[in-house]
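Notes for the structure review
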Amino acid sequence: MSLEKLILPEAYTSKLSVLETQIAIKKIKDFFEAEIAKNLSLIRVSAPLMVRPESGLNDDLNGVERAVAFDMLETQYDVEIVQSLAKWKRMALKKYRFDTYTGLYTDMNAIRRDEDLDNIHSIYVDQWDWEKIIKKEDRNKDTLKYIVNQIYSAFIATEEYLESLYPFIRNDLPKEICFITTEELLNKYPDKTAKEREYLITKEKKAVFLMEVGGKLSDGTIHDGRAADYDDWNLNGDILFYFETLDIALELSSMGIRVDKDALLKQLNERNQMQKADFPFHKDVISEKLPFTIGGGIGQSRICMYFLQKAHIGEVQSSVWSQEMIDVCQKNEIHLL
């Protein structure tokens, strides 16, 4: 495979040994998980590793990624490994009878077979998926920003906790996260690509919540792909941190207020996917049988990468890489698990 996208930081050396890294990963995950559950009033639940494709519950991501699928011997059903749990979580909130302003989180493990592998992308995805119930009148930017600030406070607390354990590993998160829309970012850097715009604003502000991802911008382009049937493109966004180790904008979370009937139909129509309106999940949204919610995913390995200042996601998770990538990383003191 090509290594064109692989970044090899000059004179890179991990600040922790492989064993010390494993210990630190556990500490980060335990602490952050507790903080996010407390801040957002979430309860941990179990989640599926696979779903039936005809349920409409799997995530299409950008609409081109192939889900890993197989047939079950016992039932003869075809099933797919989940690519995310964006839709399943909303149904689970109803099934488990959660109260308004409470919610769930879970460990989401996925396989994305078509992922382009580099420093921050693996075919194995591990994240916290979370979802909580809100009221219809809460479907606005004030609610979105409030929840983002609650999540950001968990990052700040984790940073302080880790610096008390590893004072030689210091990060530099600002006190407040910057909010900016994709249209505002386009106007700020009209001659740059979407990824270049992300890099420039994140390097300047250090921590950014980039809002309104998925819909068309004034120049006719789309900043980044989003499935049409979970986030409301006017009420969503990504949490981005400037990651000095690789000199990049590192996306740590994608989240948003979920579609209601109007947003779902509008977005399905825009993507020419109206056939999905017949899926059970989509019917329940249209008939308003599901609660109004906000939710997202937070990358576990990426958080560990950021806080431990690792040069490759393979240093904090065990996945599969080409021998070429393993060899090149080894020569540059990047030890993949």
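It should be emphasised that the depicted structure is a prediction, and the values quoted were computed from it without experimental measurement.

In this section: the sheet that holds strand E6 (residues 124-134). Strand order in the open sheet formed by 8 strands is E1-E5-E6-E11-E10-E9-E8-E7, with mixed pairing between adjacent strands. Single-partner strands in this sheet number two, and they are strand E1 (42-44) and strand E7 (178-181). On average, each strand axis in the sheet is inclined to that of its neighbour by 25 degrees, with strand direction left out of account. Bridging between E6 and strand E11 (residues 292-299) involves 8 bridges; their strand directions are antiparallel. Within the sheet, the bridge partner assigned to Ile134 lies in E11 and is Phe292. Contacts from helix H1 (residues 18-40) reach E1, strand E5 (103-111), E6 and E11 within the one sheet, and its direction differs from that of E6 by about 15 degrees. Contacts between helix H3 (residues 141-165) and the sheet are confined to E6, E7, strand E8 (207-211), strand E9 (231-243), strand E10 (248-258) and E11, with E10 contributing the most and set at about 135 degrees to the helix.

In this section: the environment of Tyr306. Relative to the helices and strands, Tyr306 resides in helix H8 (residues 300-308). With relative accessibility at 4%, the residue Tyr306 sits in the buried group. Residues Tyr306 and Ser318 lie 12 residues apart in sequence; the distance between their C-alpha atoms is 17 Å. The contacts of Tyr306, once residues within four sequence positions are left out, are Asn171, Asp172, Leu173, Phe241, Tyr242, Phe243 and Leu250.

With that out of the way, let us pick up the packing of H1 against H8. Geometrically, a packed helix pair is captured by the angle between its two axes and the distance between the axes. For the pair H1 and H8, the least separation of the axes is 10 Å and the interaxial angle reads 115 degrees. When the axis of H1 is compared with that of H8, the two are roughly perpendicular. Judged by the sense of rotation from one axis to the other, the crossing of H1 with H8 is right-handed. Here Thr21, Ala24, Ile25, Ile28, Lys29 and Phe32 of H1 lie close against H8, whose contacting residues are Gln300, Ile303, Cys304, Phe307 and Leu308.

Turning next to the pattern of salt bridges. If you walk through the whole model with that rule in mind, you get 23 salt bridges. With its nearest N and O atoms 3.4 Å apart, the salt bridge here joins Glu163 to Arg170. For Arg170, a relative accessible area of 55% gives the class exposed. Note that Lys203 and Asp247 form a salt bridge whose closest N and O atoms lie 3.8 Å from each other. In this pair, Lys203 is assigned in helix H5 (residues 194-205) and Asp247 in the loop between E9 and E10, connecting sequence segments 44 residues apart.

As a further point, take the confidence of the model for the protein. The pLDDT averaged across the protein works out to 92; a share of 98% of its residues lies at or above 70. The least confident element of the protein, judged by mean pLDDT, is strand E2 (residues 50-51) at 83; the most confident is E7 at 98.

The next subject is a nonpolar patch on the surface. Judged by side-chain polarity, Leu49, Met50 and Phe70 come together as a nonpolar surface patch covering roughly 250 Å² of accessible area. Here Leu49 shows up in the loop between E1 and E2.

This part is about the side chain of Gln127. With respect to the helices and strands, Gln127 occurs in strand E6. Apart from the residues within four sequence positions on either side, Gln127 is in contact with Thr106, Asp107, Met108, Gly297, Ile298, Gly299 and Gln300.

Parameters and conventions
Residues numbered from 1 in each chain as written. Predicted model: local features only at pLDDT ≥ 70, side-chain atom pairs only at ≥ 80, totals over all residues. Heavy atoms only, no water. Pairing = 2+ DSSP bridges. Helix = DSSP H or I, 4+ residues; strand = E, 2+ residues; numbered from the N terminus. Axes fitted to C-alpha atoms, helices over the stretch in contact; angles between N-to-C directions. Contact = heavy atoms within 4.5 Å. Buried < 20%, exposed > 50% of the residue type's maximum accessible area, 1.4 Å probe, protein only. Parallel < 35°, antiparallel > 145°, perpendicular 65-115°, else oblique. Left-handed = near helix turned anticlockwise from the far one by under 90°. Salt bridge = Lys/Arg side-chain N within 4 Å of Asp/Glu carboxyl O. pLDDT = per-residue confidence, 0-100. Patch = residues over 30% accessible without salt bridge, like charges linked within 9 Å, V, L, I, M, F, W, Y side chains within 5 Å. Areas by Shrake-Rupley, 256 points an atom, 1.4 Å probe, with all protein chains shown as cover.

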